[in-house]
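Each chain, letter by letter, is given below.
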Amino acid sequence: MGSGGLELPPGDEGHEGNSADVPPGTVSLARPMETSSIGPELDWDADAWREVRTRAQRAGRAYIWLNLVEQRLRAVVAAVLRPIYEPVHGDEWVIAAAGPAGQEWVQRAVAVREVSRRKGYLLDPADDNVLSFLTLPQLRELMVQHWPCFEPYVDDRRDVELALDELEVTRNVVSRNRALSEAVLGQAERASARLLDVLASGGDVPSSRRLPVDAVEELVGDRYADVVAVHPDRVRLLRQFPAEDIFGGARRLDAVGIGLNLLVQNFSGRRLVRLAEAGCRVRLLFLNPASSAVKRRERELGMKRGELSRAVEMNILHMRRVRSRLRDPGAFEIQVYDETPRFTAYLVDGDGSDGIAVVQSYLRRSRGMEAPVLVLRNGNRVVKPDESDTGVDSGLFPTYREEFETAWVDSRPVS
């Protein structure tokens with residue numbers, strides 16, 4: 001019986017909602033539809049998940065860059081304008097600096113600040129000021145209005161305004177959670193890096209000229225020690241990080257591996273000669289082509305007998321020809337080792353804090369071209385969350401550098 005005293009019909013086949021056999025006084029109910037046929041399909045398929053992840057990744061990278069730029073511009077505006085206006089206007093120095101032209105947007109920032117205060121959105125007392133509530137275009141407007149004050153610190157106003165113009169598209173897309181194309185993201189990253197450089201944010205990593213410091217690397221680098229890039233194979237490495245970018249301009253180059261193809265086959269002998277003549281000291285450590293380790297490696301890779309040893313020997317002969325053209329052959333050393341090869345590593349400027357390294361482990365069934373590649377940056381100082389007072393050097397770079405030095409001592413020179 002129902003709550004109103006009406007009898008509900010049974011749910012078997014003989015008593016459908018519109019059946020003529022329904023007894024008097026009963027309420028007719030339609031049979032429920034199958035769950036799968038109700039309404040639209042709510043699940044995301046694999047393609048949809050792939051798309052939303054791509055959107056989120058791009059938006060996240062763009063947000064990090066925009067956040068860095070906004071914080072930097074805010075700090076520059078405060079450093080330049082506060083000493084001018086604060087002595088007279090006190091805490092309202094931003095309102096005074098905005099003047100009549102900026103009265104509308106600065107009052108809006110004041111209102112948002114008051115709402116944030118009441119609702120407890122101000123989590124850091126350092127943000128309890130009007131400047132923290134100004135948007136990127138408003139910070140730009142303050143800078144433009146007072147350009148004579150900024151001119152001694154910034155070389156070219158046009159560079160600043162062009163970079164901010166390029167960022168405006170990205171800022172609008174990210175703030176409204178719309179799709180961001182790879183091209184626009186790349187433009188935003190370049191504009192942000194240029195703007196941070198113009199505003200003298202001062203990246204103090206010398207190797208950034210060879211391997212630019214990424215915004216994400218700066219923020220979450222402690223999660224990955226000193227690994228700044230991972231590539232599935234050497235082809236993808238060279239597509240994003242050409243040999244000229246790796247080795248060009250090096251002052252020191254140490255390499256260990258089997259045949260060192262990344263250097264020998266992708267960086268011309270002429271360029272190596274110029275590099276060495278410019279003062280670069282080179283140490284190359286090949287696997288001895290006559291060793292039993294080469295024969296084992298040939299069997300692992302399914303190569304013909306002697307195929308790998310001949311390739312290594314050809315690479316060594318090529319490097320010997322390069323060395324013979326130098327005025328100081330002692331600055332270009334070639335040695336061989338007989339041990340089982342475990343990895344290949346190219347350490348560029350590895351004796352300083354600005355070095356980079358390209359490292360591959362040898363896999364049993366994969367040639368060097370097919371093995372995953374790690375790119376390391378030397379000099380990173382990793383601070384663990386529970387050890388904020390003491391820096392812990394936990395990078396991989398020193399490990400490979402030490403391995404190279406040990407192998408170099410145990411090897412013998414090639415005449």
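Basis of the calculations
- Counting of residues starts from 1 at the beginning of each chain's written sequence and follows it residue by residue.
- Given that this is a predicted model, residues contribute local features only at a pLDDT of at least 70 and side-chain atom pairs are listed and counted only at 80 or more, while totals for whole chains, interfaces and linings are drawn from all residues.
- Calculated side-chain values reflect all of the structure's heavy atoms, with hydrogen atoms and water omitted.
- For helices the rule is a DSSP run of H or I covering at least 4 residues; for strands it is a run of E covering at least 2, with both sets numbered from the N terminus onward.
- We call a residue buried when its accessible area falls under 20% of the maximum for its residue type, exposed when it is over 50%, and partly exposed in between, using a 1.4 Å probe and counting protein chains only.
- Note on contacts: a residue pair qualifies if any of its non-hydrogen atoms lie within 4.5 Å across the two residues.
- Methods summary: accessible areas were calculated by the Shrake-Rupley approach with a probe of 1.4 Å, and residue burial reflects only the protein chains presented.
- For two strands to count as paired, DSSP must find a minimum of two bridges between them.
- Two N or O atoms form a polar contact when they lie within 3.5 Å of each other; inside protein one atom must be a possible hydrogen donor and the other a possible acceptor, and for residues adjacent in sequence the pair counts only when both atoms belong to side chains.
- When a carboxyl oxygen of Asp or Glu is within 4 Å of a side-chain nitrogen of Lys or Arg, the pair counts as a salt bridge.
- Every angle, taken between N-to-C directions, lies between 0 and 180 degrees, and every axis is a line fitted to C-alpha atoms, over only the stretch in contact when it is a helix.

## Quick look at the overall build of the protein
A count of helices and strands for the protein gives 15 helices and eight strands. When burial is assessed residue by residue, the protein has 39% of its 415 residues classed as buried. Nonlocal contacts in the protein, meaning residues at least 24 apart in sequence, comprise 69% of its contacts between residues at least 6 apart. Split by element, the accessible area of the protein, about 24,100 Å² in all, is 50% carbon and sulfur.

## So, the pairing of strand β7 (residues 373-377)
Counting buried residues along β7, four of its five residues qualify, which places the element largely inside the surrounding structure. Here four bridges tie strand β1 (residues 227-231) to β7, and the two strands are oriented antiparallel to one another. Note on β7: the bridge partner recorded for A229 is V375. Bridge analysis of strand β6 (residues 356-361) against β7 gives four bridges, and the strand direction is antiparallel. Each residue of the ladder has a partner; that of V359, found in β7, is L374.

## Observations regarding the pairing of β6
Counting buried residues along β6, five of its six residues qualify, which places the element largely inside the surrounding structure. Where strand β5 (residues 343-348) lies against β6, six bridges are found, and the strand directions are antiparallel. Pairing of L347 across the sheet is with A357, part of β6.

## Concerning the side chain of T344
Examined against the element boundaries, T344 turns out to sit in strand β5. Within polar-contact distance, the side chain of T344 engages the backbone oxygen of V256 at 3.1 Å. Non-local contacts of T344, meaning those with residues more than four positions away in its chain, are made with V256, G257, L260, V358, V359, Q360 and Y362.

## Let's talk about the pattern of salt bridges
Throughout the structure, instances matching the rule amount to 26 salt bridges. Notably, a salt bridge pairs E70 with R74, separated by 2.6 Å at the nearest N-O pair. Taken together, the positions of E70 and R74, both in helix α1 (residues 46-89) and four residues apart, correspond to about one turn of that helix. Assessed through its relative accessible area of 25%, E70 is described here as partly exposed. Taking the shortest distance from any N to any O, the salt bridge between E114 and R117 comes out at 3.2 Å.

## Details of the sheet that holds strand β2 (residues 252-256)
Two pairing modes exist for strands in a sheet, parallel and antiparallel, and in both the strands are linked by backbone hydrogen bonds. Taken together, eight strands build an open sheet; the order of strands is β1-β7-β6-β5-β2-β3-β4-β8 and the sheet is mixed. The sheet is open, and its two borders are formed by β1 and β8 (412-413), each paired with just one other strand. Pairing of β2 with strand β3 (residues 281-287), which is carried by five bridges, proceeds in the parallel orientation. From the neighbouring strand, R252 faces β3, where its bridge partner is R281. Running at roughly 160° to strand β4 (residues 332-337), helix α14 (residues 307-324) makes contact with β3 and β4 of the sheet.

## Re unusual backbone geometry
If a residue is not glycine, its phi is most likely negative; likewise, a peptide bond is most likely trans. Positive phi values are uncommon outside glycine, yet N177 reaches one of about 55°. Looking at where N177 falls in the secondary structure, it is placed in the loop between α6 (157-175) and α7 (182-198). The exposure class of N177 is exposed, given its relative accessible area of 65%. Although it is not a glycine, D349 sits at a positive phi angle of roughly 55°.

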